[in-house]
Amino acid sequence: MVEEETNSRVPYFHIPVLLNEAIDALQVKTGQTYIDATLGGGSYSQEIIKRGGNVLAIDLDPRAVEKSQISIEPNLKAVQGNYKDLTEITHSNGIQTVSGIVYDLGLSSDQLQNPALGLSFNSNDPLDMRLDQSLGVTAADLVNGMTEEELVHIFEKYGEEMYAKKIARVIVSQRLKRPIKTTGQLTNLISKAVPARGNIHPATRVFQALRIVVNDALGNLESSLNQAMGLLMPGGRLVVVSFHSLEDAIVKALSERSDVSVVGAVIRPSFKEVADNPRSRSAKLRTYEKKSVSKK
Ligand SMILES: C[S@@+](CC[C@H](N)C(=O)[O-])C[C@H]1O[C@@H](n2cnc3c(N)ncnc32)[C@H](O)[C@@H]1O
């Protein structure tokens, strides 16, 4: 667990998932440069540095970047930015190619508990969900502004929610009486409308769908992974840890590219890791290697 103080003395924390497996897969070489495209609590970056690498780390969340700057790692350059701008960020930091790039998708534990982001169905905060506050549209804008059909579409497509129609209908009838402005309002509506399913909270899939749309999470990932392939030197590794099937499908599609080889099988967390950190249960790690340019 990473727990450090920021300037504002608010702890930033995240329990890393598949940490050793991901950094083993990168095959870090001393003195080489790596990109950690999702800095978060910094455990992946720290592990790369521990194994002799230099790191350019990126995160949308200014708190993650601020925290890592306080730890003052000489071999770490952390920048706030969106990994959809991966090539531009890398080049503007004076780097043309790298030996490896790692993505650990999703949210940090810190973000889930940050009331300002409104990402958790376990609290009652403004329904925002923007990881980057410069984005124009919040989750509340979508919930109160989309048509019933549009809501059904995003809940089905990005949440794979089987009760999408029922939930959309309840949202539309409720918002006529009072706009849905908080995570608590939305969670209550969903909990009343649909049954609980196993250990999964009934609001999980709708919250996932809204977060994906608000942040264009899948579009950013697809664009970024393609840029990553252009930045890797021959033999360089791309390692991605994903947490749901829509992300994983985008990662898996890289295997169709002619310039990469798939390395090993998909890695899943051990029983022990899942028992210690239930959030890891859906994680999948895929590794690719950039092919050497063939000599004619
Ligand atoms: C699961 S956390 C990473 C945890 C990290 N590996 C660690 O060891 O602490 C995912 C991070 O990705 C960041 N993120 C999500 N979308 C992003 C994007 N489009 N560009 C850059 N960072 C992004 C989030 O802000 C979050 O901090």
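Residues numbered from 1 in each chain as written. Predicted model: local features only at pLDDT ≥ 70, side-chain atom pairs only at ≥ 80, totals over all residues. Heavy atoms only, no water.

J.: Please explain the domain arrangement of the protein chain as it appears in this structure.
T.: According to the domain assignment, the protein chain consists of domain 1 (2-110 + 217-290) and domain 2 (117-215). Just the C-alpha atoms count here: the centres of domain 1 and domain 2 sit 28 Å apart. Contact residues are listed per partner, giving ten residues for domain 1 and eleven residues for domain 2. With both sides pooled, the region where domain 1 packs onto domain 2 buries about 990 Å², and carbon together with sulfur makes up 60% of that total. Considering only the surface of domain 1 that becomes buried against domain 2, Leu60, Leu107 and Ala217 emerge as the three largest contributors, covering 44% of it. Between domain 1 and domain 2 we count zero salt bridges in total. Counting every contact that joins domain 1 to domain 2 gives four residue pairs in polar contact (both at pLDDT 80 or more). (Domains from an automatic or database assignment. Contact = heavy atoms within 4.5 Å. Buried area = accessible area lost by both parts, 1.4 Å probe. Salt bridge = Lys/Arg side-chain N within 4 Å of Asp/Glu carboxyl O. Polar contact = N/O pair within 3.5 Å; in protein donor to acceptor, adjacent residues only side chain to side chain.)

J.: Hey, could you run me through helix 8 (residues 164-177) in this one?
T.: Residue pairs spaced three or four apart in an α-helix point in one direction, given the helix's 3.6 residues per turn. With 14 residues, helix 8 extends 21 Å from end C-alpha to end C-alpha; this agrees with the ideal 20 Å at 1.5 Å per step. Of the residues making up helix 8, those classed as buried are Ala164, Ile167, Ala168, Ile171, Val172 and Arg175. In an axial view of helix 8, the angular spread of the buried residues amounts to 135°, which keeps them on one side of the axis. Residues of helix 8 that are exposed and point over 90 degrees away from its buried face: Lys165, Leu176 and Lys177. Looking at the buried side of helix 8, the elements it contacts are helix 6 (139-145), helix 7 (148-159), helix 9 (183-193) and helix 10 (204-215). (Helix = DSSP H or I, 4+ residues; strand = E, 2+ residues; numbered from the N terminus. Expected span 1.5 Å × (residues − 1). Buried < 20%, exposed > 50% of the residue type's maximum accessible area, 1.4 Å probe, protein only. Arc of directions from axis to C-beta.)

J.: Please clarify how the UniProt feature "binding site: S-adenosyl-L-methionine" (unreviewed entry) in the protein chain should be interpreted in this entry.
T.: Under the UniProt annotation, "binding site: S-adenosyl-L-methionine" (unreviewed entry) lies at Gly42, Ser43, Tyr44, Asp59, Tyr83, Asp104 and Gln111. Tracing the backbone shows Ser43 in helix 2 (residues 43-50). Positionally, Tyr44 belongs in helix 2. Note on Tyr44: relative accessible area 4%, which makes it buried. (UniProt positions renumbered as here; feature names shortened; annotations may be inferred.)

J.: In this structure, what is going on with the packing of helix 7 against helix 10? I would like to understand it.
T.: In a pair of packed helices, the angle between the axes and the distance between the axes together describe the arrangement. Relative orientation of the contacting elements helix 7 and helix 10 amounts to 95°, with a least axis distance of 8 Å. Viewed along their axes, helix 7 and helix 10 adopt a mutual orientation that is roughly perpendicular. Contacts between helix 7 and helix 10 involve Ile154, Phe155, Tyr158 and Gly159 on the former and, on the latter, Arg205, Val206, Gln208, Ala209, Leu210, Ile212 and Val213. Here the contact of helix 7 with helix 10 is composed, by residue class, of eight nonpolar, two polar and one charged. (Axes fitted to C-alpha atoms, helices over the stretch in contact; angles between N-to-C directions. Parallel < 35°, antiparallel > 145°, perpendicular 65-115°, else oblique. Nonpolar A, V, L, I, M, F, W, Y, C, P; charged D, E, K, R; others polar.)

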